[in-house]
Amino acid sequence: MSLARNIFAEKTGIDSKKLSAGQFVEADADVILSNDITTPLAIDAFEKHSEGRIAYPERVVLVADHFTPNKDINSAEQVKKVRNFAKSHGVKFFDAGCGIEHVLLTEQGLVVPMDIVIGADSHTVTYGALGALASGMGSTDIAAAWVTGKAWFKVPEAVKIVLKGQLGEYVSGKDIILYLIGQIGVDGALYKGLEFTGDALSELSLDSRFTIANMTVECGAKYGIMEVDDKVIDYTEKRAQRPYSPPPAGYSIETDKDFDEIMEIDCSQIDPQVALHGSPANAHSVNEIEKIGIDQVVIGSCTNGRWEDYVRAAEIIKGKKASPSLRFIVIPSTASLYSRMVKEGLAEVFLDAGAVMSPPTCGPCLGGHMGILASGEKALATTNRNFTGRMGHKDSEVYLCNPEVAAASAVSGYIISPGEIK
Amino acid sequence: MKKQLKGKVHKFGNNISTDLICPGKYFHLRSDIKKLAGHTLEDADPEFIKKVQPGDFVVAGENFGCGSSREHAPLIIKESGVGAVLAGSFARIFFRNAVNIGLPVMELDTSGMESGDELLIDAESGKVKNLSKNTELTATPLTGVMKDILEAGGLKEYVRKGL
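It should be emphasised that the depicted structure is a prediction, and the values quoted were computed from it without experimental measurement.

The next thing to look at is the overall build of chain B. Counting its secondary structure elements, chain B contains seven helices and seven strands. Relative to the compact-globule value of 15 Å for 163 residues, chain B shows a C-alpha radius of gyration of 15 Å, a close match. When its C-alpha atoms are laid out on the principal axes, chain B stretches across 45 × 45 × 25 Å. The contacts of chain B with a sequence gap of at least 6 include a subset with a gap of at least 24, amounting to 67%.

Written out as structure tokens, the structure is:
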């Protein structure tokens, strides 16, 4: 049974048996998210075209994370506009330094299983790891949802992805999703919904699951939803800021019913991956690429900016120095993760290795600030996209990998498997 | 939305990302869509913005607009005077955004179109005539809510009607 169709059915009152691919449905959104880039456009649409009332202020979350701490006067004006809007409408607003939206919202318990989450940010798909139906949209969609509390969806074809086998050393969620995108391409799941299950998924930490769900948009997916198990319930119980009930019995994708396509991935065959410049689909085993020298390493982002990511990177680089030939940038994703990194000694490990630690921000991932590349420069990053010009100059290059490969490569100065420097 | 559109083709390849359409490095201009539009598709074709004439068409291969959800991408294409975007397929958020802001997007086989070809498009029937090559194709029609939104002139107008 498709988890997503179950949620559509639950929220719309339409019998799940009557839901099929291609059908349009309108459903209430439990969380309506936007950031400092996308909110100002939504405010313009809202103020010009509505009565100026937000239907459900408690569902609205605004996060200033992309160009904050304010990069320049223009950013400052845009964030001011968002801050004032939040104040006058009484909606949640997380200001500079609180954190990167998709790490912050889960940490704060603002999303629970079976929620419908819409966000004016493509990586809104991250919440699929909690069994929520979460999808990215644009600013005008968000403005409309402020007014109506609802969003429309075209029910997509459902693809079941079964993750099997035991993960190898230095392999985590990032490698599974890069491998998958490498297999199906950047439009391999266009207009489709991905639904994950399998014994390897059960073994994965929540942090790894967030990474996988986060990058499902990089193969075009509308959402990447995962089964809700005890780990998800435990995670939610500790944080949920709203009453919620665990999904009903039978809420699983064990049966193949409802699925248009089924894919199996043997995770035991996956090496640590590197996506070569130009596309997240250029995924290769780190052991099979030529020697690539790098000018910058970035660890962080909504993709790989969770506690486990920093711990894995720190374990590799502890007691070592980053190569003087590169800039080593570590970005804690939220204020509380930053504080924990200081308290538990991870900050010291990174700083002793020669890292620059920036405040929580999306920063260099989208070529915003805090680590922009010059022409001809190459960066290895735990971020999510490496299209032309993504991190700066159009003649710069971005390579994507997991936190351990990033840390090892920071030491060697070129892209290397963590096994080679231990 | 105009019923008949006529203009020249500016051809692009597959997987034209929102980073190519509207690079993050120009986001300091984001409160001024006119200025931001001066950089439309710059990293894909630096000459595009100098060449494009009002009513021209951006024509691409598969997965046009992949990547970010930034609505600035379709907004600046519209602002630069482009009459419609035609592609083999679109990334879903870009497609949704374009419909929401009233930029016509048409899904059809674009492999036979080349830069400089002159097209005549009938928006209502979805028929696309290539006047330079004397061929005709029909775009996949919009259905459901998407059709209603486009007919209302965009999502803002659609929501206003429903209030």
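Another aspect to go through is the overall build of chain A. Summing up its helical and strand segments, chain A has 13 helices and 18 strands in all. Against the globule reference of 22 Å for 422 residues, chain A gives a C-alpha radius of gyration of 21 Å, in line with a compact fold. Taken along its principal axes, the extent of the C-alpha atoms in chain A is 60 × 50 × 40 Å. Here chain A holds 422 residues, and 60% of them are scored as buried.

All names here are of chain A. Counting buried positions along helix α10 (residues 307–317) gives eight out of eleven residues, so the element sits mostly inside the fold. All of the buried residues along α10 are W307, D309, Y310, R312, A313, A314, I316 and I317. Looking at the packing, one finds that the buried side of α10 touches α8 (206–214), β14 (296–299), α11 (335–343), α12 (346–352) and α13 (403–412). G319, located one to two residues past α10, shows a positive phi value of around 80 degrees.

Attention now goes to the domain arrangement of chain A. All names here are of chain A. When the domains of chain A are assigned, the result is domain 1 (3–268) and domain 2 (273–420). The straight-line distance from the C-alpha centre of domain 1 to that of domain 2 is 24 Å. Tallying the contact residues gives 36 residues for domain 1 and 37 residues for domain 2. Among the elements of the structure, α4 (101–107), α6 (173–184) and α8 are those that each provide at least two residues to the side of domain 1 that touches domain 2.

Residues and elements named next belong to chain A. If you trace the four strands from one edge of the open sheet to the other, you get β10-β9-β8-β11, paired in parallel fashion. Since the sheet does not close on itself, it has two edges, and those belong to β10 (223–226) and β11 (261–266), each with one partner. Taking each pair of neighbouring strands and ignoring which way they run, the sheet shows an average axis angle of 25 degrees.

A few words on unusual backbone geometry. Residues and elements named next belong to chain A. Between T68 and the following residue, P69, the backbone shows a cis peptide bond with an omega angle of -15 degrees. Relative to the assigned elements, P69 resides in the loop between β3 (60–63) and α3 (73–89). Although it is not a glycine, D258 sits at a positive phi angle of roughly 80 degrees. Take D258: it is sitting in the loop between α9 (230–239) and β11. Given 21 C-beta atoms within 10 Å, D258 falls into the buried group.

Residue and element names in this part refer to chain B. The seven strands lie next to each other as β4-β3-β2-β1-β5-β6-β7, forming an open sheet whose pairing is mixed. At either margin of the open sheet sits one strand with a lone partner, and together these are β4 (105–107) and β7 (135–138). Along the sheet, successive strands turn relative to each other by an average axial angle of 25 degrees, direction set aside. Of the strand pairs in this sheet, strand β1 (residues 4–11) and strand β5 (residues 118–122) are connected by five bridges, and their pairing is antiparallel. When the bridges of β5 are listed, Q4 appears paired with D122.

Another point: the interface of chain B and chain A. Across the contact, 34 residues belong to chain B and 43 residues belong to chain A. Secondary-structure elements contributing two or more residues to the side of chain B that touches chain A are α1 (18–21), α5 (92–101), α6 (144–152) and α7 (155–162) of chain B.

Another aspect to go through is the packing of α6 of chain A against α8 of chain A. All names here are of chain A. Orientation of α6 relative to α8, taken along the N-to-C sense of each, is 25 degrees, at an axis distance of 8 Å. The angle between α6 and α8 falls in the class roughly parallel. The interaxial crossing formed by α6 with α8 has right-handed handedness. Here G173, K174, I176 and I177 of α6 lie close against α8, whose contacting residues are S208, R209, T211 and I212.

Scoring rules and cut-offs
- Residues numbered from 1 in each chain as written.
- Chains lettered and ligands numbered in written order.
- Predicted model: local features only at pLDDT ≥ 70, side-chain atom pairs only at ≥ 80, totals over all residues.
- Helix = DSSP H or I, 4+ residues; strand = E, 2+ residues; numbered from the N terminus.
- Rg over C-alpha atoms; globule rule 2.2 N^0.38 Å.
- Contact = placed C-beta atoms within 7 Å.
- Buried ≥ 20, exposed ≤ 12 C-beta atoms within 10 Å, placed from the backbone.
- Domains from an automatic or database assignment.
- Pairing = 2+ DSSP bridges.
- Axes fitted to C-alpha atoms, helices over the stretch in contact; angles between N-to-C directions.
- Parallel < 35°, antiparallel > 145°, perpendicular 65-115°, else oblique.
- Left-handed = near helix turned anticlockwise from the far one by under 90°.

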